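Descriptive structure summary
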Amino acid sequence: MTRTRVAVLASSSGTNLQAILDHFERLGERRCGDVVLVASDRSGAGALTRARARNIATEKIALTPTTPGPALDELLERYNVELVALAGYLRYVPAEVVRRYAGRVVNVHPALLPAFGGPGMYGERIQDAVLAAGVTVTGATVHFVDEVYDRGRIIAQWPVPVLAGDDRAGLAARVLRVEHLLYPRVVDAVAGGRVTLASCQAGPLLTGPADAEFTMLSRKDDCLAEAIDRALAS
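Residues numbered from 1 in each chain as written. Predicted model: local features only at pLDDT ≥ 70, side-chain atom pairs only at ≥ 80, totals over all residues. Heavy atoms only, no water.

**Notes on the sheet that holds strand β5 (residues 105–109)**
Read across the open sheet, the 7 strands follow the order β3-β2-β1-β4-β5-β6-β7; overall the sheet is mixed. Looking at the sheet topology across the chains shown, the edges are occupied by β3 (57–60) and β7 (154–161). Each strand of the sheet is rotated relative to its neighbour by a mean of 20 degrees, with strand direction disregarded. Pairing of β5 with strand β6 (residues 137–144) involves 4 bridges; the strand directions are antiparallel. The residue bridging Val106 from the neighbouring strand is Phe144, located in β6. Docked against the sheet, helix α1 (residues 15–27) engages β1 (4–9), β2 (33–40), β4 (83–86) and β5, running at close to 165 degrees with respect to β2. (Pairing = 2+ DSSP bridges. Helix = DSSP H or I, 4+ residues; strand = E, 2+ residues; numbered from the N terminus. Axes fitted to C-alpha atoms, helices over the stretch in contact; angles between N-to-C directions. Contact = heavy atoms within 4.5 Å.)

**Brief notes about the pattern of salt bridges**
One pass over the structure, following the stated rule, counts 16 salt bridges. The salt bridge involving Glu29 is made with Arg3; its shortest N-O contact spans 2.8 Å. Separated by 26 residues along the polypeptide, Glu29 in the loop between α1 and β2 and Arg3 in the segment before β1 bring together distant segments of the chain. Judged by relative accessible area, which is 62%, Glu29 ranks as exposed. The exposure class of Arg3 is buried, given its relative accessible area of 15%. (Salt bridge = Lys/Arg side-chain N within 4 Å of Asp/Glu carboxyl O. Buried < 20%, exposed > 50% of the residue type's maximum accessible area, 1.4 Å probe, protein only.)

**Concerning the environment of Asp222**
Inspection of the secondary structure puts Asp222 in helix α8 (residues 221–233). Each C-alpha atom of the pair Asp222 and Leu181 lies 9.1 Å from the other, and the pair is 41 residues apart in sequence.

**Notes on the pairing of β1**
Among the 6 residues that make up β1, 5 are buried, leaving the element largely enclosed by the rest of the structure. As paired elements, β1 and β2 share 6 bridges and run parallel to each other. Bridge pairing links Ala7 to Leu37 in β2. Crossover connection from β1 via α1 to parallel β2: handedness right-handed. In terms of strand pairing, β1 meets β4 through 4 bridges, oriented parallel. Note on β4: the bridge partner recorded for Leu9 is Leu86. (Right-handed = clockwise from strand over helix to strand, strands pointing away.)

**Points about the side chain of Asn16**
Summarising the element assignment, Asn16 is placed in helix α1. Looking at Asn16, its side chain comes within polar contact range of the side chain of Glu179, at 2.9 Å. Every residue in contact with Asn16, bar those within four places of it in the chain, is listed here: Ala87, Val108, Leu176, Glu179, His180 and Tyr183. (Polar contact = N/O pair within 3.5 Å; in protein donor to acceptor, adjacent residues only side chain to side chain.)

Printed below as a string of structure tokens:
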């Protein structure tokens, strides 16, 4: 079986990278992609350490013409990358890369886009904004990347309730749990051609349950994972 060659871009610890690697390992021969490159804008990013532990090639991305190292487009070409997964990558993906890989660059965002997205909306800022807005539901969004921050076509969303007394850390942890289950499954679906830019033209392929409390009731990760699998397969 010929699998899609996947590059994961990450700026920090790489927990979503780890989730992708673990999911691919569980799928075994059924997986549709192989992570062949992990690249970062930060030489000390934990994601690079995780990749090296799995004997996956790692690279530091040059952000300007005067920065030592290869640029992103050069790296992707060198490793014959077919799909790019952003996993906590905090840099703008150059327009020429987005155009060249149109429909083959995906990202996960810890809010229900289009709310709480855009330039500068990352990390703790997102959950602070969610709490300040007083909304009762947030969640995770997986989307195709285009030339505008967080505005690419949405593939999947899964709700997470905002509870009374929530703080930034508690809310972020619940959303991250969903990211770790949702994102690897979408990456595999895109790698396998089951999800395409065209297939999302009419709207997200997965919007999760209408009741955000379901996410809390499915306390075991395997229950929530099964629900996501069923939703993606429907």
